[in-house]
Amino acid sequence: MIIVTSFYKYVKIKDPERFREEHQNYCNELGVKGKVLVAKEGINGTVSGEAGQIERYEQELLCNQLFTDMGFKRTITEKHPFRKTIVRTRKEIVTSGLKCDVQNAGKHITPKELKELYDRKEEFIILDARNYYESKIGKFKNAITPKIEVFREFKKVAEELKEHKNKKIIMYCTGGVRCEKASAYMKSQGFNYVEQLQDGILNYIEQYPDTYFEGRCFVFDNRLSVETGVAVKNISVCEKCHAPCGDYINCANIKCDKLFVCCQEC
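The numbers attached to residues start from 1 for each chain and follow its sequence in the written order. Totals for whole chains, interfaces and linings use every residue, but because this is a predicted model, local features are given only for residues with pLDDT of at least 70 and side-chain atom pairs only at 80 or more, for both listing and counting. To get the side-chain values, take all heavy atoms of the structure and skip hydrogens and water.

What follows covers unusual backbone geometry. One non-glycine residue, Asn-142, lies in positive phi territory at about 65°. Here a strand is any run of E in DSSP of at least two residues, a helix any run of H or I of at least four, and the numbering for each starts at the N terminus. With respect to the helices, strands and loops of the structure, Asn-142 is situated in the loop between β8 (138–140) and α5 (155–160). Burial classification: accessible surface area is computed with a 1.4 Å probe over protein chains only, and a residue below 20% of its type maximum counts as buried, one above 50% as exposed, and the rest as partly exposed. Looking at Asn-142, the relative accessible area reads 60%, which means it is exposed. Positive phi is not limited to glycine here, since Asp-199 has a value of about 60°. Along the chain, the position of Asp-199 falls in the loop between β10 (193–197) and α7 (200–207).

In structure tokens form, the structure reads like this:
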């Protein structure tokens, strides 16, 4: 059994390159695999390993005074979803190009609070901050799923929703890192009631599978998607035979490398 842990935190890192080198060495020594991005604005990563390795890895980060309150989202798989460990420095821990202050991000709401809003049938807008190919295979019930291919295009989402500036908007993404910036940007554009799901879809489906998330959750590793409950039905179809399906694959032709929904039989 392999545990996959995802995490992020916006915090000032004075020397990202030094941190990158030290962290790369630690990952190599520990034997975990994955991808970690480091910038002056913080850290964002997903790593995999056996239970003992992941316990040691998470504790190592929590012992760093920069990350003492950082949260982790875990999923379980049969084999490593990464081939190796990569730790890189970037200008942003998630490429957005959004000019906003993450300290002014939307208020966090817990999975319990979101579920209760659905249970009570309250009026609110649920907004997916992910790319369209992600929401194509899974989304929250009644969610607005913008037709964007990369997160850098999120600016146009705020423009398209400007008529809803006085409505309650709850945003979500896979683990929360994109919503920090996206919600802050929405607020900077005059949206008055913006909240975000704490630690994203992964946190919600761990606590409340088989409820209000429909389909599968896209992930940025070799798995490409994870189940969100035992009774959840696929919301997309195989592009070859049109049978209900939630599995993505990459075309084996390197020149193509197209990402598309395809069932196991096809």
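Further notes follow.
What follows is about the packing of aromatic side chains. In this analysis, rings of Phe, Tyr and Trp, with Trp reduced to its six-membered ring, are considered paired at centre separations within 6.5 Å, and the interplanar angle assigns stacked below 30 degrees, edge-to-face beyond 60, and tilted for intermediate values. Enumeration according to the criterion identifies 15 aromatic pairs in this entry. Between the aromatic rings of Tyr-8 and Tyr-10, the centroid separation amounts to 6.1 Å while the plane-to-plane angle is 70°, which identifies the pairing as edge-to-face. When sorted by exposure, Tyr-8 lands in the same class as Tyr-10, which is buried. Between Phe-19 and Phe-67, the ring centres sit 5.9 Å apart and the planes meet at 75°, which makes this aromatic pair edge-to-face. A residue pair is termed long-range when its members are at least 10 positions apart, and Phe-19 in helix α1 (residues 16–30) and Phe-67 in the loop between α2 (51–62) and β4 (72–77) qualify at 48 residues.

Here we take up the pairing of strand β2 (residues 33–39). Of all seven residues in β2, five are buried, a share of seventy percent or more. Paired strands, as defined in this entry, are two strands with at least two bridges between them according to DSSP. Pairing of β2 with strand β3 (residues 42–49), which is carried by seven bridges, proceeds in the antiparallel orientation. Among the inter-strand pairings, Ala-39 is bridged to a residue of β3, identified as Gly-42. Here β2 hands over to β3 after two residues, the two strands then running antiparallel side by side. Summarising the sheet, β2 and strand β5 (residues 85–89) pair through five bridges and their orientation is parallel. Each residue of the ladder has a partner; that of Val-38, found in β5, is Thr-89.

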